[in-house]
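Residue-level structure breakdown
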Amino acid sequence: MNWDETGPDTGSDTDERLGERLDERLVDAGADGEDTAVEAALRPKDLDEFVGQEKVREQLDLVLKAAKARGATADHVLLSGAPGLGKTTLSMIIAAEMDAPIRITSGPAIQHAGDLAAILSSLQEGEVLFLDEIHRMSRPAEEMLYMAMEDFRVDVIVGKGPGATAIPLELPPFTLVGATTRAGLLPPPLRDRFGFTGHMEFYAPTELERVIHRSARLLDVAIDTDGAAEIAGRSRGTPRIANRLLRRVRDYAQVRADGRIDRAVASAALGVYEVDARGLDRLDRAVLGALLKLFGGGPVGLSTLAVAVGEERETVEEVAEPFLVREGLLARTPRGRVATPAAWAHLGLVPPQHGGKGQQGLFGA
């Protein structure tokens, strides 16, 4: 992304570099083509049917019911959180609860102010505009959005140079629902214009079990409580991953079992797909294995660790590390990456008696 034309770096280059790598991972929280098609059938239609996110649900329910009672459009809503937690689903529920149509677009699709002006000028009164990855919108479009959100007006520039003229264009009241995985990249003026901000948390295993049972009913899959618990425990706290694992386990059950999913079938199926009991896949275990076996548990530099794993630095840092850190298996320190005692235990290895000097110990430093 060019700084001069579109503002500061929003991480899109990294996203593109990682795209191909992410597509290969069963436990990636991003949506691929198959996920998008299946999710449309599995999405809940109202807040009562939506599982998890209790605080956000309760707060959003009050906002929507109050707006509807006043006969007004709902306040602009910002939803932040990791991919796969239900931000898109909530945006559709907002539209359904307000009996309003929804328009869906994304930040990367809006690279010029004119792109945004064309969308805004075609909105109907009360319509919900869902803007996914809002942090990746261009700076000129972002500045136009300020006025549209606050005053329901945009200034369309006609002409160039000294003869340019700003033509004010009035907009019907609408509700913007912005979704972002990187709330810190949003400038304060944009964040301040949202009347409601909700942060989506990772799901507890019990909540994921409810998601899996509901999805299994919709997919006509027979699954018992233990089978759902086994899948939930490997889903990284993310409904999208839980649904994806459920579909893969369903395939295994249909081909190698009697079609019914219990704990044994779920465990065997996910073993085939190399997703272990804590939700780690091949890449995660490769990073931990290199850190423990080659560097004695660290500390070791990120570039050195990436070379040892045979992956790009960005892949290790952006794809593998966040979950390993969240699970308490790896720590980032000023001296480098360090494995925790839980990492040794998870891979069934015994820490060296000297405590492991990591990368420095290899060179006698």
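Everything quoted here is computed from the prediction, not taken from an experiment. (Residues numbered from 1 in each chain as written. Predicted model: local features only at pLDDT ≥ 70, side-chain atom pairs only at ≥ 80, totals over all residues. Heavy atoms only, no water.)

1. Considerations on the overall build of the protein chain
Note the threshold: Under the DSSP-based scheme used, a helix requires at least four consecutive residues in state H or I and a strand at least two consecutive residues in state E, with every element numbered from the N terminus. The classification of residues rests on relative accessible area computed with a 1.4 Å probe and restricted to protein chains. Under 20% of the type maximum is buried, over 50% is exposed, and intermediate values are partly exposed. Two residues qualify as a contact provided that any one of their heavy atoms is within 4.5 Å of a heavy atom in the partner residue. Here the accessible surface of atoms and residues is derived via Shrake-Rupley with a 1.4 Å probe, and residues count as covered only by protein chains that are part of the display.
When its secondary structure is counted, the protein chain shows 17 helices and 11 strands. Buried residues in the protein chain amount to 47% of all 365 residues. By sequence separation, contacts in the protein chain at least 24 residues apart represent 71% of the contacts at least 6 residues apart. When the accessible surface of the protein chain is totalled, it reaches about 17,200 Å², and 52% of it is carbon and sulfur.

2. Details of the confidence of the model for the protein chain
Under the convention used in this document: Confidence scores labelled pLDDT are given residue by residue by the predictor and lie between 0 and 100.
Residues with a pLDDT of 70 or more make up 85% of the protein chain, whose mean pLDDT is 83. The model gives residues 1-23 a pLDDT under 50, and that stretch makes 38 contacts with residues more than four places away or in other chains. Contacts of residues 355-365 to residues separated by more than four positions or lying in other chains number 17 contacts, the stretch itself having pLDDT below 50.

3. A look at the sheet that holds strand S1 (residues 77-80)
What holds strands together in a sheet is hydrogen bonding between their backbones, with the strands either parallel or antiparallel. The test is simple: DSSP calls a pair of strands paired once it identifies at least 2 bridges connecting them. Lines fitted to the C-alpha atoms define the axes, with helices restricted to the stretch that makes contact. Angles between their N-to-C directions range from 0 to 180 degrees.
What the 5 strands build is an open sheet, ordered S2-S3-S6-S1-S7; its pairing is parallel. Edge strands, defined here as strands with exactly one partner in the open sheet, are strand S2 (102-106) and strand S7 (196-199). On average, each strand axis in the sheet is tilted by 15° relative to the strand beside it, whichever way the strands run. Of the pairings in the sheet, the one linking S1 to strand S6 (residues 175-180) comprises 4 bridges and is parallel in character. Paired with Ser80 across the two strands is Thr180, which belongs to S6. Strand contacts of helix H4 (residues 54-70): S1 and S7, with the helix running at about 160° to S7, the strand carrying the most contacts.

4. Section: the side chain of Glu209
Put simply, the rule reads: This count recognises Lys and Arg as positive and Asp and Glu as negative, with His and chain-terminal groups excluded. By convention in these notes, a salt bridge is any Lys or Arg side-chain nitrogen within 4 Å of a carboxyl oxygen on Asp or Glu.
For Glu209, the location among the structural elements is in helix H9 (residues 205-219). Buried charge Glu209 goes without a salt bridge, the closest partner of opposite sign being Arg263 at 7.4 Å. Contact partners of Glu209, with chain neighbours within four places excluded, come to Thr225, Ala228, Ala229 and Ala232.

5. With respect to the packing of helix H11 (residues 239-256) against helix H12 (residues 263-272)
Short version of the rule: Angles are sorted into four bins: roughly parallel if under 35 degrees, roughly antiparallel if over 145, roughly perpendicular if 65 to 115, and oblique for all others. Under the grouping applied here, Gly and all other residues not named as nonpolar or charged are polar, the nonpolar ones being Ala, Val, Leu, Ile, Met, Phe, Trp, Tyr, Cys and Pro and the charged ones Asp, Glu, Lys and Arg.
Taken N-terminus to C-terminus, the directions of H11 and H12 make an angle of 105°; their axes are 9 Å apart at the nearest point. As the angle between them shows, H11 and H12 are arranged roughly perpendicular. On H12, the residues touching Leu245, Val249, Tyr252, Ala253 and Arg256 of H11 are Val265, Ala266, Ala268, Ala269, Leu270 and Val272. The class makeup of the residues in the contact of H11 with H12 is 10 nonpolar, no polar and 1 charged.

6. So, the pairing of S7
The alternating pattern of S7 places Phe196 and Gly198 on a buried face, while none of Thr197 and His199, on the opposite face, is buried. Direction of pairing for S1 relative to S7: parallel, over a ladder of 4 bridges. Within S7, the position partnered with Leu78 by the bridge is Thr197.

7. Notes on unusual backbone geometry
Residue Asp99 is not a glycine yet carries a positive backbone phi of 55°. Residue classification places Asp99 among the exposed positions, given a relative accessible area of 62%. For Arg236, which is not glycine, the phi dihedral falls at a positive 60°. When its relative accessible area of 9% is taken as the criterion, Arg236 is described as buried.

8. Quick word on the pattern of salt bridges
Throughout the structure, instances matching the rule amount to 20 salt bridges. In this structure, Arg263 engages Asp226 in a salt bridge whose closest nitrogen and oxygen atoms are separated by 3.5 Å. Separated by 37 residues along the polypeptide, Arg263 in helix H12 and Asp226 in helix H10 (residues 225-233) bring together distant segments of the chain. For Asp226, a relative accessible area of 40% gives the class partly exposed. Each of Asp226, Glu230, Arg234 and Arg263 takes part in a single network of salt bridges with overlapping partners.

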